[in-house]
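Summary of structural features
Chain by chain, the residues run as shown.
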Amino acid sequence: MKINEFETIKRVYYFLKSYQTLLKLANMEDTNGAFKKKAIEIVNIIDRYKDSLSEEKREIFSNLFTRSQKEVIKLSKLYKCLKIDKDKYRDIKNEILIDFAKRYREGALLVFE
């Protein structure tokens, strides 16, 4: 089956955007249970994936998903820092999202045509 890249990218993007909420849930004190355990598991998966990326990809990934709003770098500054243009940034971002979809739970986030 052929991967629908557009829908997969969209699905993974929204999934990874939940990182900050999952991190808060994982770090809540005096809270135990299935939701906290699942949040910890997913946060760990995302962090391990981020750590496996090259420096350039890690910077893009972190800026998109794992940094707090206060720490996010403006895209124009990120382009200069990484010495890439808008098109290259988009290509790298999409490559990261497709790769994450393939790795996460044996392709659970992939969308097929």
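For the structure itself, look to the data block above.
A brief report on the enclosed structure follows. For every chain, the first residue of the written sequence is number 1, and numbering continues from 1 onward in sequence order. Local features in this predicted model are restricted to residues of pLDDT 70 or higher, and side-chain atom pairs are both shown and tallied only at a pLDDT of 80 or more, whereas totals for entire chains, interfaces and linings draw on every residue. Excluded from the side-chain calculations are hydrogens and water; all other atoms, namely the structure's heavy atoms, are used.

With respect to the overall build of the protein chain
Note the following rule: Secondary structure elements are defined from DSSP: runs of H or I of at least 4 residues count as helices, runs of E of at least 2 residues count as strands, and each element is numbered from the N terminus. We call a residue buried when its accessible area falls under 20% of the maximum for its residue type, exposed when it is over 50%, and partly exposed in between, using a 1.4 Å probe and counting protein chains only. It only takes one pair of heavy atoms within 4.5 Å for two residues to be counted as in contact. The Shrake-Rupley method, run with a 1.4 Å probe sphere, supplies the accessible areas, and residue values consider only the shown protein chains as cover. Charged-residue counts in this description rest on Lys and Arg as positive and Asp and Glu as negative, His and the chain ends being excluded. The location of each charge is read from NZ of Lys, CZ of Arg, CG of Asp or CD of Glu.
Scanning the protein chain from N- to C-terminus turns up 6 helices and 0 strands. If you list the helices and strands of the protein chain from N to C, you get α-α-α-α-α-α. For the protein chain, the C-alpha atoms occupy an extent of roughly 45 × 40 × 20 Å along the three principal directions. Sorting the 113 residues of the protein chain into buried and exposed places 37% on the buried side. Contacts spanning at least 24 positions in sequence make up 66% of the contacts within the protein chain whose residues lie at least 6 apart. Accessible area of the protein chain: about 7700 Å², with a carbon and sulfur share of 51%. Charged side chains of the protein chain number 25 positive and 18 negative; the gap between the two group centres comes to 3 Å.

A few points about the packing of helix α3 (residues 34–52) against helix α4 (residues 55–66)
Short version of the rule: Think of each axis as a best-fit line through the C-alpha atoms, taken over the contacting stretch in the case of a helix, with angles from 0 to 180 degrees between the N-to-C directions. Our angle categories are set so that under 35 degrees counts as roughly parallel, over 145 as roughly antiparallel, 65 to 115 as roughly perpendicular, and the remainder as oblique. Take the far helix as your reference; a near helix turned counterclockwise from it by less than a right angle gives a left-handed crossing, and one turned clockwise gives a right-handed crossing. The residue classification treats Ala, Val, Leu, Ile, Met, Phe, Trp, Tyr, Cys and Pro as nonpolar and Asp, Glu, Lys and Arg as charged. All others, Gly included, are polar.
Contact geometry of α3 with α4 gives a least axis separation of 9 Å together with a crossing angle of 155°. The orientation of α3 relative to α4 falls into the category roughly antiparallel. By crossing handedness, the relation of α3 to α4 is classed as left-handed. Residue-level contacts link I46, Y49, K50 and D51 of α3 to R58, F61, S62 and T66 of α4. Looking at the contact of α3 with α4 residue by residue, the class counts come to 3 nonpolar, 2 polar and 3 charged.

Remarks on the environment of K86
If you trace the backbone, K86 turns up in helix α6 (residues 86–103). Separated by 16 residues in sequence, K86 and K70 have C-alpha atoms that sit 22 Å apart.

Quick word on the environment of Y79
Structurally, Y79 is set in helix α5 (residues 75–82). Between the C-alpha atom of Y79 and that of V12, which follows or precedes it by 67 residues, the distance is 23 Å.

A closer look at the nonpolar core
Here is the rule: To form a nonpolar core, buried Ala, Val, Leu, Ile, Met, Phe, Trp, Tyr and Cys residues must be joined to one another through side-chain atoms within 4.5 Å.
Residues F15, L16, I46, I60, F61 and F100 are the most contacted members of the largest nonpolar core, which totals 32 residues. Among the elements of the structure, α1 (5–16), α2 (19–26), α3, α4, α5 and α6 are those that each provide at least two residues to this core. Among the elements that make up this core, the one with the highest residue count is α6 (7 residues). The residues contacting I60, other than those within four sequence positions of it, are L78, L82, I84, Y89, I92, K93 and I96.

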